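# Examining the three-dimensional arrangement
Spelled out from the first residue to the last, the chains are:
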Amino acid sequence: MRLRFTLNGEPQELDASPTASLTEVLRSLGLTGTKEGCRIGVCGLCTVLVDDLPVSSCLFLAPCAEGRQVWTVEGLARRDPAVVAAFVEHEGMQCGICTPGQVVMASAARSELGAGAAEAEIREYLIGNLCRCTGYQSIVMALGSVVAG
Ligand code: FES
Ligand code: FES
C-alpha cells in the first residue's frame with residue numbers, strides 16, 4: 001500500500017506492507033536510531049513521537065502513520081537539541097540501544113511535564129524505557145535539567 005506521512009519534518013511517500021510495523025518502515029528508510037528489542041511494547045527501545053505523543057513503534061502499524069507527523073531520535077537532535085545536550089552534559093547516555101528511546105521519551109516529557117516537575121514525576125514518565133545497566137540516575141538528572149529550564 002502507498003503510505004504518506006511527515007518524517008522529521010519532511011514529507012515521505014513509500015510503498016509499505018499493510019502489516020509492517022512503524023519500526024520496520026523507519027529502519028528501511030535508513031533511520032536506524034530507532035531500535036527494536038522486545039517487540040511487545042515493554043522495553044521502550046523503539047519509542048518515537050507520532051503527532052507529538054510517544055508510541056512504541058514496534059506495535060504501531062505503519063499504515064496508521066498515514067497523514068501524521070512522526071519524529072525519530074534523528075530528527076529530535078534538530079527539533080529539541082536541548083534534550084540531546086542535557087544527555088551529553090549529564091552523561092545520560094550509556095549505550096546506543098536504549099539511549100534513542102530515552103531521548104525521545106525525554107523530549108515528550110519536557111513538553112508534557114513542564115517546569116517544576118518533581119523527580120518522582122520524571123521517573124514515572126520514564127518507567128517504560130528500560131536500561132538493563134540500570135543507569136537511570138544520570139538520565140533523570142539530564143531530564144530534570146531541561147524540564148526545569
Ligand atoms: S521493541 Fe518496542 S517496546 Fe520493545
Ligand atoms: S545503557 Fe542502554 S541498556 Fe543500559
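Residues numbered from 1 in each chain as written. Chains lettered and ligands numbered in written order. Predicted model: local features only at pLDDT ≥ 70, side-chain atom pairs only at ≥ 80, totals over all residues.

Turning next to the overall build of the chain. Across its full length, the chain carries 6 helices and 5 strands. Reading the chain from its N end, one meets helices and strands in the order β-β-α-β-β-β-α-α-α-α-α. Principal-axis analysis of the C-alpha atoms gives the chain an extent of 45 × 25 × 20 Å. Across the 149 residues in the chain, those meeting the buried criterion constitute 41%. Looking at the chain alone, contacts between residues at least 24 apart form 63% of all its contacts between residues at least 6 apart. (Helix = DSSP H or I, 4+ residues; strand = E, 2+ residues; numbered from the N terminus. Buried ≥ 20, exposed ≤ 12 C-beta atoms within 10 Å, placed from the backbone. Contact = placed C-beta atoms within 7 Å.)

It is worth spelling out the packing of helix α3 (residues 81-89) against helix α4 (residues 99-113) at this point. Between α3 and α4, the least distance of the axes is 9 Å, while the angle of their chain directions is 120 degrees. As judged from the angle between their axes, α3 and α4 are oblique. In this structure, the crossing between α3 and α4 has a hand that is right-handed. Between α3, through Val83, Val84 and Phe87, and α4, the contact on the second element is made entirely by Val103, Ala106, Ser107 and Arg110. (Axes fitted to C-alpha atoms, helices over the stretch in contact; angles between N-to-C directions. Parallel < 35°, antiparallel > 145°, perpendicular 65-115°, else oblique. Left-handed = near helix turned anticlockwise from the far one by under 90°.)

What follows covers the domain arrangement of the chain. Domain parsing of the chain yields domain 1 (2-75) and domain 2 (79-148). Taken over C-alpha atoms, the centre of domain 1 sits 20 Å from the centre of domain 2. At 3 residues, strand β3 (residues 47-50) tops the list of elements feeding residues into the side of domain 1 that touches domain 2. Residue composition of the side of domain 1 that touches domain 2, grouped by class: 8 nonpolar, 5 polar and 2 charged. (Domains from an automatic or database assignment. Nonpolar A, V, L, I, M, F, W, Y, C, P; charged D, E, K, R; others polar.)

Take α3 next. When α3 is considered as a whole, its buried residues turn out to be Val83, Val84, Ala86 and Phe87. Buried residues of α3, viewed axially, fall in a sector of 160 degrees; they line one side. Among the exposed residues of α3, those oriented more than 90 degrees off its buried face are Pro81 and Val88. Just downstream of α3, glutamate 91 is the residue with a positive phi angle, here 55 degrees. (Arc of directions from axis to C-beta.)

With mixed pairing, the 5 strands of this open sheet are ordered in space as β2-β1-β5-β3-β4. A single partner strand is all that each edge strand has here, and the edge strands are β2 (10-15) and β4 (53-56). The mean inter-strand angle of the sheet, taken between neighbouring strand axes irrespective of direction, is 40 degrees. Summarising the sheet, β3 and strand β5 (residues 69-71) pair through 2 bridges and their orientation is antiparallel. Bridge pairing links leucine 49 to tryptophan 71 in β5. Along the sheet, α4 makes contact with β3 and β4, crossing β3 at roughly 35 degrees. (Pairing = 2+ DSSP bridges.)

For the rest of this paragraph, the subject is the environment of leucine 29. Looking at the element boundaries, leucine 29 is found in the loop between α1 (22-28) and β3. Residue leucine 29 is classed as partly exposed on the basis of its C-beta count, with 13 C-beta atoms lying within 10 Å. Between the C-alpha atom of leucine 29 and that of leucine 14, which follows or precedes it by 15 residues, the distance is 9.5 Å.

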